[in-house]
Amino acid sequence: MEAVNLRVLLVDDEPDLLKQGKIFLKMENEELEVETTTFGEEAYQMVKNEDFDAIISDYILPDMDGIEILEKLREEGDDVTFIIFTGRDSEEMEKKSLESGADKFLKKGRSPKTLYKKIAEEITASTE
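The notes below deal with the structure included here. Quantities reported herein were computed from a predicted structural model and do not represent experimental measurements.

Quick look at the pairing of strand β1 (residues 6-11) now. Among the six residues that make up β1, six are buried, leaving the element largely enclosed by the rest of the structure. Residues Leu6, Val8 and Leu10 of β1 are buried on one face, and the alternating residues Arg7, Leu9 and Val11, pointing to the opposite face, are buried as well. Relative to strand β2 (residues 32-37), β1 runs parallel, the two being bridged by six bridges. Its bridge partner being in β2, Leu9 is matched across the sheet by Glu35. Sheet analysis places β1 next to strand β3 (residues 54-57), joined by four bridges and oriented parallel. Paired with Leu10 across the strands is Ile56, a residue of β3.

Turning our attention to the packing of aromatic side chains. In this description, an aromatic ring pair is defined by two values, namely the gap between the centres and the angle between the planes. Tallying each qualifying case throughout the model produces two aromatic pairs. Between Phe24 and Tyr116, the ring centres sit 5.8 Å apart and the planes meet at 15 degrees, which makes this aromatic pair stacked. Here Tyr116 lies in helix α5 (residues 112-126) and Phe24 lies in helix α1 (residues 15-28), a separation of 92 residues in the sequence. In this structure Tyr116 comes out as buried when scored by relative accessible area, which is 2%. Among the aromatic residues, those joined into a ring-pair cluster are Phe24, Phe85 and Tyr116. For Lys72, the ring lying beneath its charged end belongs to Tyr44, and the centroid distance is 4.1 Å.

So, how was this worked out
- Residues numbered from 1 in each chain as written.
- Predicted model: local features only at pLDDT ≥ 70, side-chain atom pairs only at ≥ 80, totals over all residues.
- Heavy atoms only, no water.
- Buried < 20%, exposed > 50% of the residue type's maximum accessible area, 1.4 Å probe, protein only.
- Helix = DSSP H or I, 4+ residues; strand = E, 2+ residues; numbered from the N terminus.
- Pairing = 2+ DSSP bridges.
- Phe/Tyr/Trp six-rings, centres within 6.5 Å; stacked < 30°, edge-to-face > 60°.
- Lys NZ or Arg CZ within 6 Å of the ring centre and 35° of its normal.

Shown next, in the form of structure tokens:
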């Protein structure tokens with residue numbers, strides 16, 4: 001039986017974090033096919049035009065924040081797995097993310113291996 005790849009969109013305004021995320025996610029689960037972008041509007045358009053199994057988005061982006069992307073998708077009935085992934089440690093931000101329909105709110109800052117292992121597990125569990 002052929003493995004089914006899961007398409008993931010990783011959105012962050014720091015290109016180095018996108019590179020790191022792509023590498024670590026692939027190391028954790030070789031079935032993850034990871035696309036990246038640094039802009040919220042581009043991420044939104046990509047999701048509108050392509051099928052993704054999960055989106056991992058930074059909260060703060062140059063043109064729109066991760067919550068705005070999430071809210072637009074949810075308003076349109078898109079229930080794609082959505083993880084807000086941020087360096088900001090704010091209960092208010094976490095509450096807003098979850099109230100807006102995020103599946104998870106994860107904080108950056110842990111060891112990359114631990115963090116991306118958790119993200120890969122969340123993606124796999126949410127798409128089963």
